[in-house]
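Here's the letter readout for the chains.
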There are 2 protein chains.
Amino acid sequence: MSTTFDDILARVNQCSKKKLAVAAAEDEPVLEAVAEAQRRGIADPILVGDEAKIREIALGLGIDISKMPIIKETDHEQAALKAVSLVHNGEADMYMKGILDSKTFLRSVLNKEVGLRTGKALSHVCVFEIEGIKRLLFLTDVAFMPYPSLADKETIINYTVDVAKACGVLMPKVAPLAAVEVVNEKMPVTVEAAQLTKWNEEGRIKDCIVDGPLSMDLAIDPTAAQHKAGADKRKIVGDADILLFPDIHAGNLVYKTIVRLATFKNGCILTGTKAPVILTSRSDSFETKINSIALAAVVAEHLQQQKMQ
Amino acid sequence: MSTTFDDILARVNQCSKKKLAVAAAEDEPVLEAVAEAQRRGIADPILVGDEAKIREIALGLGIDISKMPIIKETDHEQAALKAVSLVHNGEADMYMKGILDSKTFLRSVLNKEVGLRTGKALSHVCVFEIEGIKRLLFLTDVAFMPYPSLADKETIINYTVDVAKACGVLMPKVAPLAAVEVVNEKMPVTVEAAQLTKWNEEGRIKDCIVDGPLSMDLAIDPTAAQHKAGADKRKIVGDADILLFPDIHAGNLVYKTIVRLATFKNGCILTGTKAPVILTSRSDSFETKINSIALAAVVAEHLQQQKMQ
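Residues numbered from 1 in each chain as written. Chains lettered and ligands numbered in written order. Predicted model: local features only at pLDDT ≥ 70, side-chain atom pairs only at ≥ 80, totals over all residues. Heavy atoms only, no water.

A.B. asks: Would you mind going over the pairing of strand 6 (residues 136-140) of chain A with me for this structure?
C.D. replies: Within a regular beta strand, the side chains point alternately toward one face of the sheet and then the other, so they alternate between its two faces. Residue and element names in this part refer to chain A. Burial within strand 6 is extensive, with five of its five residues counted as buried. Along strand 6, one buried face is formed by L136, F138 and T140 and the opposite face, lined by L137 and L139, is buried too. Sheet topology note: the strand 5 (residues 123-130)/strand 6 ladder contains four bridges and is antiparallel. Along strand 6, the bridge assignment pairs V127 with F138. In the sheet, strand 6 pairs with strand 9 (residues 242-244) via three bridges, with the strands oriented parallel. In the strand pairing of strand 9, T140 is matched with L244. (Buried < 20%, exposed > 50% of the residue type's maximum accessible area, 1.4 Å probe, protein only. Helix = DSSP H or I, 4+ residues; strand = E, 2+ residues; numbered from the N terminus. Pairing = 2+ DSSP bridges.)

A.B. asks: How should the interface of chain B and chain A be read in this particular structure?
C.D. replies: A common way to express how large an interface is: the accessible area buried when the components associate. The interface of chain B with chain A comprises 34 residues on the first partner and 34 residues on the second. Carbon and sulfur atoms make up 72% of the area that chain B and chain A hide from each other, which totals about 2,700 Å². Across the chain B-chain A interface, the total number found is two salt bridges. Of the charged contacts in the structure, one is a salt bridge between K256(B) and D217(A), with a shortest N-O distance of 3.6 Å. Viewed at the interface, chain A and chain B are joined by six residue pairs in polar contact (both at pLDDT 80 or more). The set of elements that each furnish at least two residues to the side of chain B that touches chain A consists of helix 7 (188-201), helix 8 (216-220) and helix 10 (248-261) of chain B. Per-element accounting of the side of chain B that touches chain A gives the leading share, eleven residues, to helix 10 of chain B. Taken together, the residues that form the side of chain B that touches chain A break down as 22 nonpolar, five polar and seven charged. (Contact = heavy atoms within 4.5 Å. Buried area = accessible area lost by both parts, 1.4 Å probe. Salt bridge = Lys/Arg side-chain N within 4 Å of Asp/Glu carboxyl O. Polar contact = N/O pair within 3.5 Å; in protein donor to acceptor, adjacent residues only side chain to side chain. Nonpolar A, V, L, I, M, F, W, Y, C, P; charged D, E, K, R; others polar.)

A.B. asks: How should I be thinking about the relation of the copies chain B and chain A in this particular structure?
C.D. replies: Mapping between the two chain copies consists of a rotation about an axis together with a translation along that axis. For the pair chain B and chain A, the best superposition has an RMSD of 0.0 Å and corresponds to a rotation of 180 degrees with a translation of 0.0 Å parallel to the axis. Interpreted geometrically, this transformation is the action of a two-fold axis. Rotation axis and chain B: the residue whose C-alpha lies nearest the axis is A250(B), separated from it by 1.9 Å. (Least-squares fit on C-alpha atoms with pLDDT ≥ 70 in both.)

A.B. asks: I keep staring at the packing of aromatic side chains and nothing clicks. Help me out?
C.D. replies: Two aromatic rings are characterised by how far apart their centres lie and by the angle between their planes. A complete count under the given rule lists six aromatic pairs over all chains for this structure. With 5.8 Å between their ring centres and 65 degrees between their planes, F128(A) and Y255(A) make a pair best called edge-to-face. With F128(A) in strand 5 and Y255(A) in helix 10 (residues 248-261), the pair connects residues that are 127 residues apart, well separated along the chain. No difference in accessibility class separates F128(A) from Y255(A), as the two residues are buried. Within the aromatic cluster, the residues linked to one another by ring pairs are F128(A), Y255(A) and F264(A). Residue placement shows R204(B) over the ring face of W199(B); its charged tip is 3.7 Å from the ring centre. (Phe/Tyr/Trp six-rings, centres within 6.5 Å; stacked < 30°, edge-to-face > 60°. Lys NZ or Arg CZ within 6 Å of the ring centre and 35° of its normal.)

A.B. asks: How should the confidence of the model for chain A be read in this particular structure?
C.D. replies: Parts of the model with low pLDDT should not have their predicted coordinates read in detail. Chain-level pLDDT for chain A is 95 on average; 99% of the residues reach the 70-or-more range. For this predicted complex, the interface score ipTM comes out at 0.95, alongside a pTM of 0.96. (pLDDT = per-residue confidence, 0-100.)

A.B. asks: Could you clarify how one ought to interpret the pattern of salt bridges in this entry?
C.D. replies: Opposite charge on two side chains makes pairing possible when the charged atoms of those side chains draw close. Residues and elements named next belong to chain A. Under the defined criterion, the tally for this structure stands at 40 salt bridges over all chains. With a closest N to O distance of 2.9 Å, E287 and R40 form a salt bridge. One end of the pair, E287, is in helix 11 (residues 286-308); the other, R40, is in the loop between helix 2 (28-39) and strand 2 (43-49), and 247 residues separate them in sequence. Assessed through its relative accessible area of 37%, E287 is described here as partly exposed. We classify R40 as partly exposed; its relative accessible area is 30%. We note a salt bridge from R55 to E51, for which the minimum N-O separation is 2.9 Å.

A.B. asks: What is the right way to look at the packing of helix 2 of chain A against helix 3 (residues 51-61) of chain A in this model?
C.D. replies: To characterise two packed helices, one gives the angle between the axes of the helices and the distance between these axes. Residues and elements named next belong to chain A. Closest axis-to-axis distance for the helix 2/helix 3 pair is 10 Å, and the angle between their directions is 70 degrees. Taken as axis vectors, helix 2 and helix 3 run roughly perpendicular relative to one another. Both helix 2 and helix 3 take part in a crossing whose hand is right-handed. Every residue of helix 3 that contacts helix 2 at E28, L31 and E32 is listed here: I54, I57, A58 and L61. Broken down by class, the residue content of the contact of helix 2 with helix 3 amounts to five nonpolar, no polar and two charged. (Axes fitted to C-alpha atoms, helices over the stretch in contact; angles between N-to-C directions. Parallel < 35°, antiparallel > 145°, perpendicular 65-115°, else oblique. Left-handed = near helix turned anticlockwise from the far one by under 90°.)

A.B. asks: I would appreciate a short explanation of the side chain of D93(A) in the present structure.
C.D. replies: Residue and element names in this part refer to chain A. Within the element layout of this structure, D93 appears in the loop between helix 4 (76-88) and strand 4 (94-97). Although D93 is buried, it makes no salt bridge; K18 carries the closest opposite charge, 5.5 Å away. Of the polar contacts made by the side chain of D93, one reaches the backbone nitrogen of K19; its length is 2.6 Å. Reaching out from D93, the side chain makes a polar contact with the side chain of Q304 at a distance of 2.8 Å. When residues no more than four places from it in sequence are discounted, the contact partners of D93 are K17, K18, K19, V87, A275, P276, A300 and Q304. (Lys, Arg positive; Asp, Glu negative; His and termini not counted.)

A.B. asks: When you look at the state of the cysteines in this model, what are you seeing that I'm missing?
C.D. replies: Note on terminology: disulfide describes a covalent bond linking the sulfur atoms of two cysteines. Residues and elements named next belong to chain A. Enumeration according to the criterion identifies two disulfides over all chains in this entry. Between the sulfur of C126 and that of C268 lies a disulfide, 2.4 Å long from S to S. With C126 in strand 5 and C268 in strand 10 (residues 264-271), the pair connects residues that are 142 residues apart, well separated along the chain. With a relative accessible area of 0%, C126 lands in the buried category. Here C268 falls in the buried class, since its relative accessible area comes to 7%. (Disulfide = S-S within 2.5 Å.)

Spelled out as structure tokens, the structure:
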């Protein structure tokens, strides 16, 4: 079972080499990350963007881009459409944002002709390896969908279970989080958490174990969880894999608290797309960008194997 | 300026000695904590409860309770009313929960004749000293008020500014938190955060600096905050003192994430009461209980000085 980013990297090396289409690749941190991803054997980049700028940046940073095809396109919107269509057509396996703005990038993801939409909503998962926790944590949604409905939450669980499975977590434990661990009708999120749990017990939500509502200590703190009343009747006792947040505020505030206070590795991708999409932010570290590419690679392999079945 | 719990303890020693009324004091962890608080000179307990059980526990734990008055009352509800009335009548300065259940305890706090209600809503503040952050953080509301309205948030800010001032933070910086740092009308919490900021600028919310909406990195991560667009125009750049959460789910999930992942000291009290009320949970550590008593003592001193003015 995969429990670390090193395990994810080991899985990547067992997969066929994946191709990474980069939209508006003329960006220093992105070029640096994709070059390192290629050097480590994680993915082979295809750069779409302003060739002169790309070559200038590569020269300045001392990056070898000789093995990266370059498709010339100085217009950001056109560069995005050309890059995403490579993935749409199967010429590349995953799609990454360069220097263009997020709105233009997302429009290309959602483009009806050449994009990667599935008809369902997009969401986002951020995978953490945190010092002191001996497994990967899958946080969702901390960045994309503001106020998921109950139906959205079911969809998000299905997306994230697939990502967890791609990382080698075969039967992930899903914690629909709240401030409390009992249903309180004045707190709709607890009612929804109980419904998701019921759907899991009835077999409607598959390939995972859902137990909610769950407070954060019951989800990730085995010592505290064991001392809680009723802990003996729970399916999750401090050992959750997937943390499902009530809304983007709770998710993002926890996400950034971890980034500020913990020692960690992480990587994030969009979910709900036909192929993995990497939308790193400028504040993400070099290693986070590379981890995101590795995460995308194992998810791409997983999606491709699902299709073949 | 106070920045640690050691500073709070130093302030306690400069105050007149405070008396602590304990409701249903026949509880091992509570007796152990109040005895240590007395030993350290933080407060003098008055125990209300089952005398035989209190003496038995004290004997078993080797605790000296010879300097603690005991008011006999085996019924929990009556014990709570007797204990809270000591504070109501000025015979004690602060009120602490013993072994009785939270509902009964809170009913006594809200009792119209002998309780500590001010007419305004109750809230809660949890004060953290976290390794790597060189100041106290005041988190509110992570435990009590589920979905504060805009008016509630104004009230909560006022409460928490008073607690911060009692701890020696004279002009606290208040961060109304959200997933994002710009107003987005589809996210009501960001609109409310902007309104709170405006009320502060207009002088309606006093004695503090409010700047929101703020993401967690802008609130507590100076390095990340400095790299954000528009950081030069913000009043808070990673140096917030008070973290105001959108709702109890966001607050409690962050609170327990800190407890799980950080090295910290903390203490918590109710706010919106005439005198400080300590409602620790059984999962709180021994030190957290003592820190909560110390926090209550400086707040009691602050409230008493306000009254005299």
